[in-house]
Amino acid sequence: MTDATRTETDSLGTIEIPADKLWGPQTERARRLFRIGVERFPPVLIRAVGLQKQAAAEANLELGELPRAIAEPIIAAAAEIAANRLDEHFPLPVWQTGSGTQTNMNANEVIANRAAQMLGRPLGARDPVHPNDHVNRGQSSNDAFPTVMHIAAIEAVEHRLLPAIDTLRFALASRAEAWERIVKLGRTHMMDAVPMTLGQEFATFAAQLAHAIARVRATRADLAMLPQGGTAVGTGLNRHPAFDRVFCERLSALCGRAYTPAVLKFEAMAAHDALVALSAALSGLAVTLMKIGNDIRLLGSGPRAGLAELIVPADGLSSSIMPGKTNPTQVEALTQVCAQAIGNHTTVTVAASHGHLQLNVFKPVIIHAVLQSCGLLADAAEGFAHNMVEKLQPNEPQIARHVANSLMLVTALNPRLGYDRAVAIGKKALAENITLRDAAIALGHLTGEEFDALVRPEEMTRPGIILPGGG
């Protein structure tokens, strides 16, 4: 930004604006007034702003609400915003008026000034393209910004989050298939349990993610119903009767997916239940990823004094004091992201519960939290897939030792000997530090050959259903 300024005038008077920026008086006043934090809306929301303004202008052109000479430069300028070519002209923080009015006016002013440039007019001319009369035609911040929220959320989910989570699901499913026959010890209550396979353990992770993906996808139907056309309170004052329908048709064409008008726009502006549902699904996804990360952290603990059933890949990072120490850094990054996403859902829940009367005025923080969760979970899951899961190796000798030493193999004797005799064998083996086989023989319950025929760890993994890889 240069030190040079230009003077613009609106209904509140004149104000100096950086000469090289496209925003106008309302944005500049907000920029000076809301000096809160460093959080800014991400590119996916700025793109959604452009899409919303472009679809609105196309609808107004089709309906005869704007002449072509004005609509076309508005459409062209909005398309540049949608392509993220004008991001630097959106300086406002998340922390602003709760309706998102300042970001909506930021868009109106940037488009009006960019249109002025295209038409050979000076910045701030407000003629022939006016930010309110033309760019904001048939709209209010109260319906435009929540529409932007829905567009941004769907784009973040479809184009970033779901592909990233599916990358991790595929990596886990591939490990499950590769390790299907590696018999290992199961654990319940953090204590030794009966055998399973390492493949079954990783197939469980993949199946969890498949279900989490389905829950996130299920939220898109409600998000695709838009409040655009409700204007100030939901009645549709000052817009063409067909504006909402044509707007959704134009937006659908721009985005390549179907959007429809909300049946009752009062509801879509006063409440944000659809975004609460998405946030809940994101929180649930974080819970799933937390479990997966922590289990891999535990299974890879060691390498000599822990479970050490998985060999955690060395990533070139080490302790600042312990030479050569390998830590599960990818797990730690992933689980910190999960904690943030779970916390973001609390923010969304509280903010959405304050939809007072005809307008919820916590809109910016709701979409900020949702988009942050989408972005962080996508980045962390993708990194975890490539830098951890795809490089994990099973420590088969250690896995085999744990299985051989497990007292819970005695469970296989229940049908032959009954629970009480099986308990006696397990207690004797533990007390005398001998094998289950030796304990069974010493108690006279089985011969060695009988024990070997009954206690076969690989067979103990088969009565249950091997979970699919989640695909």
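Residues numbered from 1 in each chain as written. Predicted model: local features only at pLDDT ≥ 70, side-chain atom pairs only at ≥ 80, totals over all residues. Heavy atoms only, no water.

Regarding unusual backbone geometry
Across the chain, the bulk of peptide bonds are trans and the bulk of non-glycine residues have phi less than zero. Filter applied, for reference: Secondary structure follows DSSP: runs of H or I at least 4 residues long count as helices, runs of E at least 2 residues long count as strands, and numbering of each begins at the N terminus. Categorising residues by exposure relies on relative accessible area from a 1.4 Å probe, with only protein chains included: less than 20% of the type maximum marks a residue as buried, more than 50% marks it as exposed, and the intermediate range marks it as partly exposed.
That bond from Asp127 to Pro128 is cis: its omega, 15 degrees, falls within 30 degrees of zero. For the bond from Gly302 to Pro303, the omega torsion is 10 degrees, close enough to zero to count as cis. Within the fold, Pro303 resides in the loop between α11 (273-299) and β7 (310-311). The backbone of Asn84 sits at a positive phi, close to 60 degrees, despite the residue not being glycine. Along the chain, Asn84 turns up in the loop between α3 (68-82) and α4 (101-118). By relative accessible area, which is 28% here, Asn84 ends up partly exposed.

Quick word on the side chain of Ser373
To keep it simple, the criterion reads: The contact rule is simple, with two residues in contact once any of their heavy atoms fall within 4.5 Å.
Looking at the secondary structure, you find Ser373 in helix α13 (residues 363-387). On the basis of relative accessible area, Ser373 is assigned to the buried category, the value being 3%. Among residues more than four places away in sequence, those in contact with Ser373 are Leu282, Ala341 and Asn344.

Here's the deal with the environment of Ser406
Checked against the element boundaries, Ser406 lands in the loop between α14 (396-405) and α15 (414-417). Along the primary structure Ser406 and Asp192 are separated by 214 residues, whereas in three dimensions their C-alpha atoms are 6.9 Å apart. With sequence-adjacent residues up to four places away left out, Ser406 is seen in contact with Leu185, Asp192, Ala193 and Leu436.

Thoughts on the nonpolar core
For clarity, the threshold we go by: Nonpolar cores are built from buried Ala, Val, Leu, Ile, Met, Phe, Trp, Tyr and Cys residues. Side-chain atoms within 4.5 Å join them into one set.
Of all hydrophobic cores here, the largest spans 113 residues; its most connected members are Leu161, Phe202, Ile296 and Ile367. By residue number, the principal contributor to this core is helix α6 (residues 141-178), which donates 18 residues. If we skip the residues at most four places from it in the chain, Phe202 touches Leu172, Arg175, Ala176, Trp179, Ile296, Leu310 and Leu392. In terms of nonpolar packing, the next biggest core, distinct from the first, is built from 15 residues, Ala429, Leu436, Ala439 and Met460 among them.

What to know about the side chain of His130
Looking at where His130 falls in the secondary structure, it is placed in the loop between α4 and α5 (131-135). When residues no more than four places from it in sequence are discounted, the contact partners of His130 are Ala112 and Val135.

Comments concerning the pairing of strand β1 (residues 5-10)
Just so we agree on the cut-off: Whether two strands pair depends on DSSP finding at least two bridges between them.
Here β1 shows a clear split, with Arg6, Glu8 and Asp10 buried on one side and none of Thr5, Thr7 and Thr9 buried on the other. Where β1 lies against strand β2 (residues 13-18), six bridges are found, and the strand directions are antiparallel. Opposite Thr5, over in β2, you have Pro18 as the bridge partner. Between the antiparallel neighbours β1 and β2 lie two residues.

Notes on the confidence of the model for the chain
Short version of the rule: The pLDDT value tells you how sure the predictor is about a given residue, anywhere from 0 up to 100.
For the chain, per-residue confidence averages 95 on the pLDDT scale, and 98% of positions sit at 70 or higher. Confidence drops under pLDDT 50 across residues 465-471; counting only partners more than four residues distant or on other chains, this segment forms 15 contacts.

Focus on the pairing of strand β4 (residues 191-197)
Bridge count for strand β3 (residues 183-188) against β4 is five bridges, and the pairing is antiparallel. Pairing of Thr188 across the sheet is with Met191, part of β4. Hairpin connection from β3 to β4: two residues lie between these consecutive antiparallel strands, with His189 at a positive phi of about 55 degrees.

Concerning the pattern of salt bridges
Using the following cut-off: Salt bridge, as used here, is a side-chain nitrogen of Lys or Arg placed within 4 Å of a carboxyl oxygen of Asp or Glu.
Within this structure, the stated rule accounts for 28 salt bridges. Between Glu8 and Arg6 there is a salt bridge, with its nearest N and O atoms 2.8 Å apart. Accessibility assignment for this pair places Glu8 and Arg6 in one class, buried. The closest approach of N and O atoms between Arg160 and Asp379, which form a salt bridge, is 2.7 Å. Of this pair, Arg160 sits in helix α6 while Asp379 is found in helix α13, placing the two residues 219 residues apart along the sequence. Through salt bridges with shared partners, a single network forms among Lys184, Arg187, Glu201 and Glu309.

Let's talk about the packing of helix α2 (residues 43-62) against α6
A packed helix pair is summarised by two numbers, namely the angle formed by the two axes and the spacing between the axes. Quick note on the threshold: For helices, the fitted line uses only the C-alpha atoms of the stretch in contact; every axis is such a line through C-alpha atoms, and the angle between N-to-C directions lies from 0 to 180 degrees. Any angle that falls under 35 degrees is termed roughly parallel, while one over 145 is termed roughly antiparallel, one within 65 to 115 roughly perpendicular, and all others oblique. Crossing chirality is assigned from the near helix's rotation relative to the far helix, an anticlockwise turn below a right angle marking it left-handed and a clockwise turn marking it right-handed. All amino acids are sorted into three groups, where Ala, Val, Leu, Ile, Met, Phe, Trp, Tyr, Cys and Pro are nonpolar, Asp, Glu, Lys and Arg are charged, and the leftover types, Gly among them, are polar.
Look at α2 against α6: their axes get within 8 Å of each other, and the N-to-C directions meet at 125 degrees. Comparing the axis directions of α2 and α6 gives the class oblique. In this structure, α2 crosses over α6, and the sense of that crossing is right-handed. Note on element contacts: α6 touches α2 through Ala144, Thr147, Val148, Ile151, Ala152, Glu155 and Ala156, opposite Val44, Leu45, Arg47, Ala48, Val49, Leu51 and Gln52. For the contact of α2 with α6, a count of residues per class yields ten nonpolar, two polar and two charged.

A short note on the packing of aromatic side chains
Put simply, the test is: Within 6.5 Å between ring centres, the rings of Phe, Tyr and Trp (the latter by its six-membered ring) count as paired, and their orientation is classed by plane angle as stacked under 30 degrees, edge-to-face over 60, tilted in between. Any Lys NZ or Arg CZ that is within 6 Å of a ring centre and within 35 degrees of that ring's normal is treated as a charge sitting over the ring.
Summed over all chains, the structure comprises four aromatic pairs. Between Phe41 and Phe145 the ring centres are 6.0 Å apart and the planes differ by 50 degrees, which places this aromatic pair in the tilted class. You can see Phe41 sitting in the loop between α1 (25-33) and α2 and its partner Phe145 sitting in helix α6, a full 104 residues away along the chain. Comparing Phe41 with Phe145 shows no difference in burial state: the two are buried. Here the aromatic rings of Phe202 and Phe205 are separated by 5.2 Å at their centres, their planes lie at 70 degrees, and the arrangement is edge-to-face. Note that Phe202 and Phe205 are positioned in helix α7 (residues 198-218) at a spacing of three residues, about one turn of the helix. Relative accessible area serves as the criterion here: at 1%, Phe205 is assigned to the buried category. Connected via pairs of aromatic rings, a cluster forms that spans Trp179, Phe202 and Phe205. Above the ring of Tyr259, the side-chain terminus of Arg257 is found at 5.5 Å from the ring centroid.

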